Amino acid sequence: MLSLSGIQHFMFCPRQWALIHIEQLWAENLLTTEGALLHENVDNPFMRETNGSDIITLRGVRLASSRLGLTGIADAVELHPYPGVDCSKKELLRSRQFTALPVEYKRGRRKVNDCDRMQLVAQSMILEEILGIDISEGAIFYWEERHREYLDISDALRADVEDIVGRMHDIALSGVTPPGKKTPACRSCSLADLCIPSICGKNVKHYLLSRFDEEDS
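What you see is a predicted model; the values in this text were computed from it and never measured.

About the cut-offs
- Residues numbered from 1 in each chain as written.
- Predicted model: local features only at pLDDT ≥ 70, side-chain atom pairs only at ≥ 80, totals over all residues.
- Heavy atoms only, no water.
- Pairing = 2+ DSSP bridges.
- Helix = DSSP H or I, 4+ residues; strand = E, 2+ residues; numbered from the N terminus.
- Buried < 20%, exposed > 50% of the residue type's maximum accessible area, 1.4 Å probe, protein only.
- Polar contact = N/O pair within 3.5 Å; in protein donor to acceptor, adjacent residues only side chain to side chain.
- Contact = heavy atoms within 4.5 Å.
- Core = buried A, V, L, I, M, F, W, Y, C linked by side-chain atoms within 4.5 Å.
- Disulfide = S-S within 2.5 Å.
- Axes fitted to C-alpha atoms, helices over the stretch in contact; angles between N-to-C directions.
- Parallel < 35°, antiparallel > 145°, perpendicular 65-115°, else oblique.
- Nonpolar A, V, L, I, M, F, W, Y, C, P; charged D, E, K, R; others polar.

Caption draft 1: Region of interest: the pairing of strand β3 (residues 70-81). Direction of pairing for strand β1 (residues 2-3) relative to β3: parallel, over a ladder of two bridges. Opposite S3, over in β3, you have T71 as the bridge partner. Here nine bridges tie strand β2 (residues 56-65) to β3, and the two strands are oriented antiparallel to one another. The residue of β3 that forms the bridge with L58 is V77. Taking the residues between adjacent antiparallel strands as the criterion, β2 and β3 are bridged by four residues, where G69 takes a positive phi near 70 degrees. Two strands pair when backbone bridges link them, and β3 and strand β4 (residues 98-106) are joined in this way by six bridges, in the antiparallel orientation.

Caption draft 2: View of the side chain of E78. Mapped onto the elements of the fold, E78 is located in strand β3. What makes E78 buried here is its relative accessible area of 11%. Only 3.0 Å separates the side chain of E78 from the side chain of H80, close enough to count as a polar contact. Among residues more than four places away in sequence, those in contact with E78 are I55, I56, T57, T99, A100, L101, V103 and R148.

Caption draft 3: Structural view of the nonpolar core. If you look at the biggest cluster of nonpolar residues, it comprises 39 residues, and the most contacted ones within it are I7, L70 and L79. Here the element with the most residues in this core is helix α5 (residues 115-131); it accounts for eight residues. In contact with L79, not counting residues within four places along its chain, are D54, I55, I56, L58, L92, L93, F98, T99 and A100.

Caption draft 4: Expanded view of the pairing of β4. Of all nine residues in β4, eight are buried; the element is thus mostly enclosed. Two strands pair when backbone bridges link them, and β4 and strand β5 (residues 137-142) are joined in this way by four bridges, in the parallel orientation. Following the sheet pairing, K106 is matched in β5 by Y142.

Caption draft 5: Representation of the state of the cysteines within the structure. Taken as a whole, this structure holds zero disulfides when the rule is applied. As a non-bridged cysteine, C13 has C195 as the owner of its nearest cysteine sulfur, 6.2 Å distant. C186 takes part in no disulfide bond, and the closest cysteine sulfur, belonging to C195, lies 6.3 Å away.

Caption draft 6: Main features of the packing of α5 against helix α6 (residues 155-174). Interhelical geometry of α5 versus α6 gives an angle of 95 degrees and a closest axis separation of 9 Å. Considered as vectors, α5 and α6 are oriented roughly perpendicular to each other. For the pair formed by α5 and α6, the contact residues are M118, V121, A122, M125 and E128 on the first element and L157, R158, D160, V161, E162 and I164 on the second. Along the lines of polarity and charge, the residues of the contact of α5 with α6 split into seven nonpolar, no polar and four charged.

Printed below as a string of structure tokens:
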């Protein structure tokens, strides 16, 4: 089973994902620390209030999919009862008379790439497997914008998730960390000092010889 949150790491950089999830390396920076602090209350499983509405919000929902080989935590899942349905949380879950809206919380603003969206789609697919319902929509709340982005969980996005997760499993089974290259995105990566992107892809023998030559001189 691979970590659901790894989808975002993999789309940001497959090498970063492998360093974290295969080599078990981690380092904090301002961005990762802010993200952890923002999730403290969001992921609290004891916060299950209805906020005065018919919508029941579950937080810190444990997820696992044998089909996708993923496990993780959903920040929040809103249960929207069908019109006319009035029952407690337990009764509602048993009846399956609701639609579910997974809500992922992210620091910052909406990104150009789809890394946040792919993680949300994967959550939706796992919830469908667990709850035995169809999920057509999800949402991402961005703290800096204080705004929700709603996303249609389309067949095309589901296919993209299966492709990404398949590549993650292939690399995990190989146990080989992919090579990388230095890009502008490296500046925001907390693992930059462990990854050393400036020498990624270089021949190890030539690199060692160059270091010895520097010391001799």
